[in-house]
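# An overview of the molecular structure
Chain residues, written in single-letter form:
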Amino acid sequence: MKGKILVVEDERNIAELIRLYLEKEGFEVIHAPDGGAGIAEFERTAPDLVLLDIMLPVMDGWQVLKEIRASSKTPVIMLTAKGETGDKVMGLENGADDYITKPFEVKELIARIHAVMRRYGEEKKDEKKRLAFDKLVIDMDSFELTVDGRKVDVPPKEMELLFHLASSPNRVFTRNQLLDEVWGFDYFGDSRTVDVHVKRLREKLENVSDKWSLKTVWGVGYKFEVLNG
(Lines give C-alpha, C1' and ligand atoms only; values in the text may rest on other atoms or scores of the structure.)
Protein backbone atom coordinates (compact mmCIF):
# COMPACT_ATOMS: atom_id res chain seq x y z
CA MET A 1 0.00 0.00 0.00
CA LYS A 2 1.45 3.37 -1.08
CA GLY A 3 -0.44 5.39 1.48
CA LYS A 4 -3.82 6.53 2.72
CA ILE A 5 -5.67 9.37 0.94
CA LEU A 6 -8.74 11.17 2.25
CA VAL A 7 -10.98 12.49 -0.53
CA VAL A 8 -13.34 15.23 0.67
CA GLU A 9 -15.72 15.65 -2.27
CA ASP A 10 -19.51 16.01 -2.36
CA GLU A 11 -19.95 15.02 -6.02
CA ARG A 12 -20.29 11.25 -5.78
CA ASN A 13 -19.35 10.54 -9.42
CA ILE A 14 -16.09 12.49 -9.12
CA ALA A 15 -15.27 10.90 -5.76
CA GLU A 16 -15.90 7.40 -7.18
CA LEU A 17 -13.74 8.10 -10.24
CA ILE A 18 -10.89 9.32 -8.03
CA ARG A 19 -11.26 6.30 -5.74
CA LEU A 20 -11.10 3.83 -8.63
CA TYR A 21 -7.93 5.32 -10.09
CA LEU A 22 -6.16 5.82 -6.76
CA GLU A 23 -6.91 2.27 -5.63
CA LYS A 24 -5.56 1.05 -8.96
CA GLU A 25 -2.37 2.99 -8.12
CA GLY A 26 -2.13 1.17 -4.80
CA PHE A 27 -3.54 3.82 -2.43
CA GLU A 28 -6.09 3.24 0.31
CA VAL A 29 -8.94 5.72 -0.17
CA ILE A 30 -11.32 7.16 2.44
CA HIS A 31 -14.23 9.31 1.22
CA ALA A 32 -16.00 12.11 3.07
CA PRO A 33 -19.05 13.74 1.37
CA ASP A 34 -18.92 17.10 3.20
CA GLY A 35 -16.59 19.34 5.18
CA GLY A 36 -17.75 18.23 8.61
CA ALA A 37 -17.31 14.58 7.72
CA GLY A 38 -13.93 15.46 6.24
CA ILE A 39 -12.66 16.80 9.57
CA ALA A 40 -14.05 13.76 11.41
CA GLU A 41 -12.42 11.31 9.00
CA PHE A 42 -9.14 13.23 9.10
CA GLU A 43 -9.00 12.92 12.87
CA ARG A 44 -10.14 9.27 12.80
CA THR A 45 -7.94 7.91 10.01
CA ALA A 46 -4.80 10.14 10.02
CA PRO A 47 -4.37 10.08 6.20
CA ASP A 48 -1.08 10.63 4.39
CA LEU A 49 -2.66 13.18 2.03
CA VAL A 50 -5.98 15.01 1.62
CA LEU A 51 -7.74 15.81 -1.66
CA LEU A 52 -10.02 18.65 -0.64
CA ASP A 53 -12.82 20.20 -2.69
CA ILE A 54 -13.55 23.88 -2.05
CA MET A 55 -17.30 23.99 -2.62
CA LEU A 56 -18.61 21.64 0.09
CA PRO A 57 -21.77 21.41 2.22
CA VAL A 58 -21.67 21.82 6.02
CA MET A 59 -18.17 23.37 5.98
CA ASP A 60 -16.35 24.67 2.89
CA GLY A 61 -12.85 23.65 1.86
CA TRP A 62 -11.23 26.81 3.22
CA GLN A 63 -12.62 26.07 6.71
CA VAL A 64 -11.57 22.43 6.51
CA LEU A 65 -8.05 23.45 5.45
CA LYS A 66 -7.86 25.88 8.38
CA GLU A 67 -8.90 23.11 10.81
CA ILE A 68 -6.32 20.71 9.39
CA ARG A 69 -3.52 23.27 9.49
CA ALA A 70 -4.30 24.12 13.11
CA SER A 71 -2.83 20.78 14.14
CA SER A 72 -1.16 19.08 11.17
CA LYS A 73 1.25 19.54 8.25
CA THR A 74 -0.34 16.64 6.32
CA PRO A 75 -0.19 17.57 2.62
CA VAL A 76 -3.41 18.94 1.11
CA ILE A 77 -4.26 19.28 -2.59
CA MET A 78 -7.24 21.54 -3.29
CA LEU A 79 -9.82 20.50 -5.89
CA THR A 80 -11.69 23.42 -7.39
CA ALA A 81 -14.09 24.06 -10.25
CA LYS A 82 -12.78 27.60 -10.40
CA GLY A 83 -9.75 28.41 -12.53
CA GLU A 84 -9.13 31.99 -11.40
CA THR A 85 -5.62 32.77 -10.20
CA GLY A 86 -7.06 34.40 -7.07
CA ASP A 87 -8.56 31.14 -5.83
CA LYS A 88 -5.30 29.30 -6.45
CA VAL A 89 -3.29 31.96 -4.63
CA MET A 90 -5.74 31.90 -1.71
CA GLY A 91 -5.35 28.14 -1.35
CA LEU A 92 -1.56 28.32 -1.35
CA GLU A 93 -1.51 31.21 1.11
CA ASN A 94 -3.72 29.28 3.51
CA GLY A 95 -1.41 26.30 3.62
CA ALA A 96 -2.43 24.09 0.69
CA ASP A 97 0.45 22.20 -0.93
CA ASP A 98 -0.99 22.17 -4.44
CA TYR A 99 -4.24 22.66 -6.34
CA ILE A 100 -5.89 21.17 -9.38
CA THR A 101 -8.79 22.60 -11.37
CA LYS A 102 -11.81 20.54 -12.42
CA PRO A 103 -12.24 19.03 -14.89
CA PHE A 104 -8.81 17.45 -14.57
CA GLU A 105 -6.90 14.66 -16.23
CA VAL A 106 -6.56 11.72 -13.86
CA LYS A 107 -2.91 11.28 -14.90
CA GLU A 108 -2.18 14.87 -13.85
CA LEU A 109 -3.91 14.36 -10.50
CA ILE A 110 -1.91 11.20 -9.80
CA ALA A 111 1.34 12.91 -10.84
CA ARG A 112 0.67 15.80 -8.46
CA ILE A 113 -0.18 13.40 -5.63
CA HIS A 114 3.09 11.54 -6.13
CA ALA A 115 5.06 14.81 -6.32
CA VAL A 116 3.53 16.24 -3.13
CA MET A 117 3.92 13.00 -1.18
CA ARG A 118 7.51 12.60 -2.36
CA ARG A 119 8.35 16.15 -1.28
CA TYR A 120 6.59 15.70 2.06
CA GLY A 121 8.43 12.43 2.64
CA GLU A 122 11.77 14.08 1.91
CA GLU A 123 10.97 16.91 4.32
CA LYS A 124 10.14 14.44 7.10
CA LYS A 125 13.52 12.72 6.63
CA ASP A 126 15.46 15.97 6.88
CA GLU A 127 17.72 16.69 9.81
CA LYS A 128 16.73 19.16 12.48
CA LYS A 129 15.83 22.47 10.94
CA ARG A 130 16.53 25.48 13.12
CA LEU A 131 18.09 28.80 12.17
CA ALA A 132 19.00 31.56 14.61
CA PHE A 133 19.87 35.19 13.91
CA ASP A 134 19.81 38.35 16.01
CA LYS A 135 16.35 38.41 17.67
CA LEU A 136 15.07 35.78 15.23
CA VAL A 137 14.68 32.00 15.53
CA ILE A 138 13.14 29.94 12.71
CA ASP A 139 12.40 26.44 14.02
CA MET A 140 10.98 24.10 11.37
CA ASP A 141 10.86 21.13 13.75
CA SER A 142 8.24 22.82 15.91
CA PHE A 143 7.07 25.15 13.11
CA GLU A 144 7.62 28.12 15.42
CA LEU A 145 8.88 31.59 14.59
CA THR A 146 10.32 33.57 17.49
CA VAL A 147 10.76 37.31 16.88
CA ASP A 148 12.46 39.40 19.57
CA GLY A 149 11.63 36.75 22.18
CA ARG A 150 7.96 36.39 21.20
CA LYS A 151 6.31 33.48 19.40
CA VAL A 152 4.62 34.75 16.23
CA ASP A 153 1.83 32.89 14.44
CA VAL A 154 2.88 32.27 10.83
CA PRO A 155 1.13 30.21 8.12
CA PRO A 156 3.11 27.15 6.94
CA LYS A 157 4.11 28.53 3.53
CA GLU A 158 5.39 31.79 5.06
CA MET A 159 7.55 29.76 7.45
CA GLU A 160 8.87 27.59 4.61
CA LEU A 161 9.61 30.64 2.46
CA LEU A 162 11.45 32.46 5.25
CA PHE A 163 13.44 29.33 6.16
CA HIS A 164 14.37 28.76 2.52
CA LEU A 165 15.63 32.33 2.09
CA ALA A 166 17.41 32.43 5.46
CA SER A 167 19.09 29.05 4.80
CA SER A 168 21.16 30.78 2.10
CA PRO A 169 21.93 34.24 3.50
CA ASN A 170 22.60 36.94 0.90
CA ARG A 171 21.71 34.64 -1.99
CA VAL A 172 19.22 36.15 -4.44
CA PHE A 173 16.28 33.96 -5.48
CA THR A 174 14.02 34.74 -8.43
CA ARG A 175 10.27 34.43 -7.92
CA ASN A 176 10.19 31.40 -10.21
CA GLN A 177 12.96 29.72 -8.20
CA LEU A 178 11.01 30.29 -4.99
CA LEU A 179 7.81 28.94 -6.50
CA ASP A 180 9.64 25.85 -7.68
CA GLU A 181 11.74 25.26 -4.56
CA VAL A 182 9.22 26.23 -1.85
CA TRP A 183 5.90 25.34 -3.46
CA GLY A 184 7.44 22.55 -5.48
CA PHE A 185 5.27 22.54 -8.58
CA ASP A 186 4.87 24.42 -11.84
CA TYR A 187 2.81 27.50 -11.03
CA PHE A 188 0.46 28.50 -13.81
CA GLY A 189 -0.22 32.22 -13.69
CA ASP A 190 1.65 35.21 -12.28
CA SER A 191 4.05 35.08 -9.35
CA ARG A 192 1.99 37.37 -7.12
CA THR A 193 1.79 34.73 -4.42
CA VAL A 194 5.53 35.16 -3.66
CA ASP A 195 5.14 38.94 -3.36
CA VAL A 196 2.15 38.51 -1.03
CA HIS A 197 4.05 36.11 1.23
CA VAL A 198 7.11 38.39 1.38
CA LYS A 199 4.90 41.40 2.19
CA ARG A 200 3.26 39.53 5.08
CA LEU A 201 6.61 38.35 6.41
CA ARG A 202 7.95 41.91 6.34
CA GLU A 203 4.99 43.08 8.42
CA LYS A 204 6.00 40.56 11.10
CA LEU A 205 9.76 41.24 10.89
CA GLU A 206 9.89 45.00 10.33
CA ASN A 207 12.42 46.94 12.46
CA VAL A 208 13.31 43.90 14.58
CA SER A 209 17.05 43.96 13.89
CA ASP A 210 19.61 46.00 11.95
CA LYS A 211 21.74 42.87 11.38
CA TRP A 212 19.45 41.19 8.84
CA SER A 213 16.54 42.04 6.57
CA LEU A 214 14.27 40.64 3.88
CA LYS A 215 15.39 42.51 0.77
CA THR A 216 13.91 43.04 -2.66
CA VAL A 217 16.44 42.87 -5.48
CA TRP A 218 14.64 44.90 -8.09
CA GLY A 219 14.10 43.14 -11.38
CA VAL A 220 15.36 39.85 -9.95
CA GLY A 221 13.69 38.64 -6.76
CA TYR A 222 14.38 38.44 -3.02
CA LYS A 223 17.12 37.64 -0.53
CA PHE A 224 17.62 37.33 3.21
CA GLU A 225 20.42 39.83 3.74
CA VAL A 226 22.72 39.38 6.73
CA LEU A 227 25.10 42.15 7.83
CA ASN A 228 28.08 42.03 10.20
CA GLY A 229 28.45 38.27 9.82
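Everything below is about the structure printed above this text.
Residues numbered from 1 in each chain as written. Predicted model: local features only at pLDDT ≥ 70, side-chain atom pairs only at ≥ 80, totals over all residues. Heavy atoms only, no water.

### Overview of the overall build of the protein
The criterion, for reference: Comment: elements are numbered from the N terminus, with helices defined as DSSP H or I runs of at least four residues and strands as E runs of at least two. Residue contacts are defined here by distance: any two heavy atoms, one from each residue, within 4.5 Å place the two residues in contact. Here the Shrake-Rupley method, with its probe set to 1.4 Å, supplies the accessible areas, and only the displayed protein chains count as covering residues.
Helix and strand counts for the protein stand at eight helices and twelve strands. The contacts of the protein with a sequence gap of at least 6 include a subset with a gap of at least 24, amounting to 59%. By element, 47% of the accessible surface of the protein is carried by carbon and sulfur atoms, the whole surface being about 11800 Å².

### Some details on the sheet that holds strand β1 (residues 3-8)
Cut-off, in case you're wondering: Paired strands, as defined in this entry, are two strands with at least two bridges between them according to DSSP. Axes here refer to lines fitted to C-alpha atoms; in helices the fit is confined to the stretch in contact. Angles between the N-to-C directions go from 0 to 180 degrees.
Pairing within the open sheet is parallel, and its five strands lie in the order β2-β1-β3-β4-β5. The outermost strands of the open sheet, each flanked by one partner alone, are β2 (27-32) and β5 (98-101). Neighbour-to-neighbour, the strand axes of this sheet turn through a mean angle of 20 degrees, independent of strand direction. The pairing of strand β3 (residues 49-53) with strand β4 (residues 76-80) spans four bridges and is parallel. Looking across to β4, one finds that V50 is bridged to V76. Along the sheet, helix α3 (residues 61-69) makes contact with β3 and β4, crossing β4 at roughly 175 degrees.

### What to know about the nonpolar core
The condition that has to hold: We call a set of buried residues a nonpolar core when its members are Ala, Val, Leu, Ile, Met, Phe, Trp, Tyr or Cys and they connect through side-chain atoms within 4.5 Å of each other. Three labels apply to residues, based on accessible area from a 1.4 Å probe with only protein chains included: buried if under 20% of the type maximum, exposed if over 50%, partly exposed otherwise in between.
The biggest cluster of nonpolar side chains holds 29 residues, and the ones touching the most others in it are L136, I138, L145, L178 and F224. For this core, the secondary structure elements donating two or more residues are β7 (136-139), β8 (144-147), α6 (156-166), α7 (175-183), α8 (192-205), β11 (212-217) and β12 (221-226). No other element matches the six residues that α6 contributes to this core. Aside from chain neighbours lying at most four places away, what touches I138 is K129, R130, L131, E144, L145, M159, L162, F163 and A166.

### Focus on the sheet that holds β12
Strand order across the open sheet formed by three strands is β10-β12-β11, with antiparallel pairing between neighbours. Of all the strands in the sheet, just β10 (173-174) and β11 have a single pairing partner and so form its edges. Sheet topology places β10 next to β12; two bridges connect them, and they run antiparallel. Bridging across to β12, F173 finds its partner in Y222. Against the sheet, α6 engages β10, β11 and β12, with an angle of about 65 degrees to β12.

### A short note on the side chain of R69
Defined as follows: We call two N or O atoms a polar contact when they sit within 3.5 Å, provided that within protein one can donate a hydrogen and the other can accept it, with sequence-adjacent residues counted only if both atoms are side-chain atoms.
Relative to the helices and strands, R69 resides in helix α3. Within the structure, R69 has its side chain in polar contact with the side chain of D97 (distance 2.9 Å). If we skip the residues at most four places from it in the chain, R69 touches T74, P75, V76, N94, G95, D97 and P156.

### Focus: a nonpolar patch on the surface
Applied cut-off: Each patch is assembled from residues with relative accessible area greater than 30% and no salt bridge, linking like charges that lie within 9 Å and nonpolar side chains (Val, Leu, Ile, Met, Phe, Trp, Tyr) that lie within 5 Å. One side-chain nitrogen of Lys or Arg within 4 Å of one carboxyl oxygen of Asp or Glu is enough to make a salt bridge.
On the surface, L17, L20 and Y21 cluster together into a nonpolar patch covering about 270 Å² of accessible area. By relative accessible area, which is 38% here, Y21 ends up partly exposed.

### Comments concerning the pattern of salt bridges
All told, the structure shown has 17 salt bridges when counted by the stated rule. Between K102 and D53 there is a salt bridge whose closest N-O contact spans 3.3 Å. With a gap of 49 residues between them, K102 in the loop between β5 and α5 (106-125) and D53 in strand β3 connect regions that are remote in the sequence. With a relative accessible area of 3%, D53 lands in the buried category. E160 is paired through a salt bridge with K157; the nearest N and O atoms lie 3.1 Å apart. One end of the pair, E160, and the other, K157, are both in helix α6, three residues apart, so they sit about a helical turn from each other. By sharing partners, the salt bridges in this structure join E9, E11, D53 and K102 into a single network.

### So, the packing of aromatic side chains
Applied cut-off: Two rings from Phe, Tyr or Trp (for Trp, the six-membered ring) form a pair when their centres sit within 6.5 Å of each other. Planes less than 30 degrees apart are called stacked, planes more than 60 degrees apart edge-to-face, and all others tilted.
The tally for this structure, following the rule as stated, stands at two aromatic pairs. Relative to F224, the ring of F133 has its centre 4.9 Å away and its plane inclined at 50 degrees; by these criteria the two rings are tilted. One end of the pair, F133, is in strand β6 (residues 130-133); the other, F224, is in strand β12, with 91 residues separating them in the sequence. When its relative accessible area of 0% is taken as the criterion, F224 is described as buried. Between W212 and F224, the aromatic rings sit 5.6 Å apart at their centres with planes inclined by 20 degrees, giving stacked as the arrangement.

### Re the environment of R171
With respect to the secondary-structure elements, R171 resides in the loop between α6 and β10. The exposure class of R171 is partly exposed, given its relative accessible area of 37%. For R171 and F224, which are 53 residues apart along the polypeptide, the C-alpha to C-alpha distance reads 7.1 Å. Setting aside its immediate chain neighbours within four residues, R171 contacts Q177, E181, Y222, K223 and F224.

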